[in-house]
Amino acid sequence: MKLCKVFVLFAAALASPLVAGQDKRMPGPSHPSLSRPIVIAHRGASGERPEHTLASYDLAIDEGADFIEPDLVLTRDNVFVARHENDITGTTDVADHPEFAGRKTTKTIDGEQHTGWFTEDFTLAELKTLRAKERLPQLRPVNATYDGKFAVPTLAEIIALAKRRSRETGRTIGIYPETKHPTYFASIGLPMERHLVAELHAAGWDSADAPVFIQSFEVDNLKLLHSLTKIRLIQLMDGRGGPADKAVASYADMATPAGLTAVAAYAWGIGPNKDMVEKDGTASRLVADAHAAGLRVHVWTFRAENFFLPADLRAGDDPKAHGDVAAAMRRQLALGIDGFFTDFPLIGVQARDTYVTAR
């Protein structure tokens, strides 16, 4: 959606009225887990630096995040890099490189047409000549001042950062990779699952105790991963639609008690859109039902800007101004979630710690 349209929609809205253990038995939301919920830095500290850059991940670690999250896509020479999408038009300066003008193309990915430049059409060496830029400059103008400063990182570089900062800080920094469009990548001869497992196992992460979660909106690739590794898997879900691989009819079906029981056969937890847990003060039974099925719940994504907040937590009418996102986090912590994604990990850590202390 174009951001000019986003601001119009926001104006209309203004006018309108742990690190977890291995025991999977969990109490309902009225008796939240006694373990400390985890804070996952969504694409790093992406509210303060351009997303999916080493600078963004490094800042998130400084701010106390338990996990940093890279979205993973593949290059033409089969190297994992961190980008929100394989379409890098909006997150790099590729359009400013005349040598790559001929690579602009239109593709159908997960049933939707996209026109731009795509990671699978570049080698890693070519991608390394590009520089990251802010994806939401109208909402995050300060981030845009860092445009052109940072390269596109590889998974190997992110693993190395997490390990180095773990040694430096004395606390374990985990990674929380998402496989992006795995069915699409398999269709062009770049399957993700065995390649990802091999890279994580080579890093020494091959058990359910490893500081790693692998997440996906698709189903069959998680089932394949379940057969390849003991690393904990998270089934992502949204309030609308369904997985691109069509393995399940809809996310709504997946979020029922029967659907959650099926998910528990291959996944350690679920990652629902936070609105599926609580919206406008109304809570669902999703956390309780997931816990009853033996699943943990890591919700996405808390952002501080007014544009992303419910009306009662906004500060004024500027969509890029920051409201009370900590209150939104605490509402869901009180419902028993086991972790959450946020673009602002410092606020997330403070809200989590305040909640844990009060509890």
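Residues numbered from 1 in each chain as written. Predicted model: local features only at pLDDT ≥ 70, side-chain atom pairs only at ≥ 80, totals over all residues. Heavy atoms only, no water.

Caption draft 1: The arrangement of the pattern of salt bridges in detail. Within the structure shown, the criterion is met by 24 salt bridges. The closest approach of N and O atoms between Asp-71 and Arg-43, which form a salt bridge, is 3.8 Å. A residue pair is termed long-range when its members are at least 10 positions apart, and Asp-71 in strand 3 (residues 71-74) and Arg-43 in the loop between strand 1 (38-41) and helix 2 (54-62) qualify at 28 residues. The buried category is assigned to Arg-43, whose relative accessible area is 6%. The closest approach of N and O atoms between Arg-164 and Glu-168, which form a salt bridge, is 3.0 Å. Residue Arg-164 and its partner Glu-168 are located together in helix 5 (residues 155-169), separated by four residues, close to a single helical turn. When salt bridges with common partners are traced through the structure, they connect Asp-58, Asp-62, Arg-164, Arg-165 and Glu-168 into a single cluster. (Salt bridge = Lys/Arg side-chain N within 4 Å of Asp/Glu carboxyl O. Helix = DSSP H or I, 4+ residues; strand = E, 2+ residues; numbered from the N terminus. Buried < 20%, exposed > 50% of the residue type's maximum accessible area, 1.4 Å probe, protein only.)

Caption draft 2: Looking closely at unusual backbone geometry. Backbone torsion omega between Trp-300 and Thr-301 reads -15°, so that peptide bond is classified as cis. Inspection of the secondary structure puts Thr-301 in strand 14 (residues 296-302). Its identity as a non-glycine residue notwithstanding, His-52 has a phi of 55°, on the positive side.

Caption draft 3: Expanded view of the packing of helix 2 against helix 5. Look at helix 2 against helix 5: their axes get within 11 Å of each other, and the N-to-C directions meet at 25°. One element, helix 2, and the other, helix 5, form an angle in the roughly parallel class. Handedness of the crossing formed by helix 2 with helix 5: right-handed. Where helix 2 abuts helix 5, its residues Leu-54, Tyr-57, Asp-58, Ile-61 and Asp-62 lie against Glu-157, Ile-158, Leu-161, Arg-165 and Thr-169. The residue inventory of the contact of helix 2 with helix 5, partitioned by class, reads five nonpolar, one polar and four charged. (Axes fitted to C-alpha atoms, helices over the stretch in contact; angles between N-to-C directions. Parallel < 35°, antiparallel > 145°, perpendicular 65-115°, else oblique. Left-handed = near helix turned anticlockwise from the far one by under 90°. Contact = heavy atoms within 4.5 Å. Nonpolar A, V, L, I, M, F, W, Y, C, P; charged D, E, K, R; others polar.)

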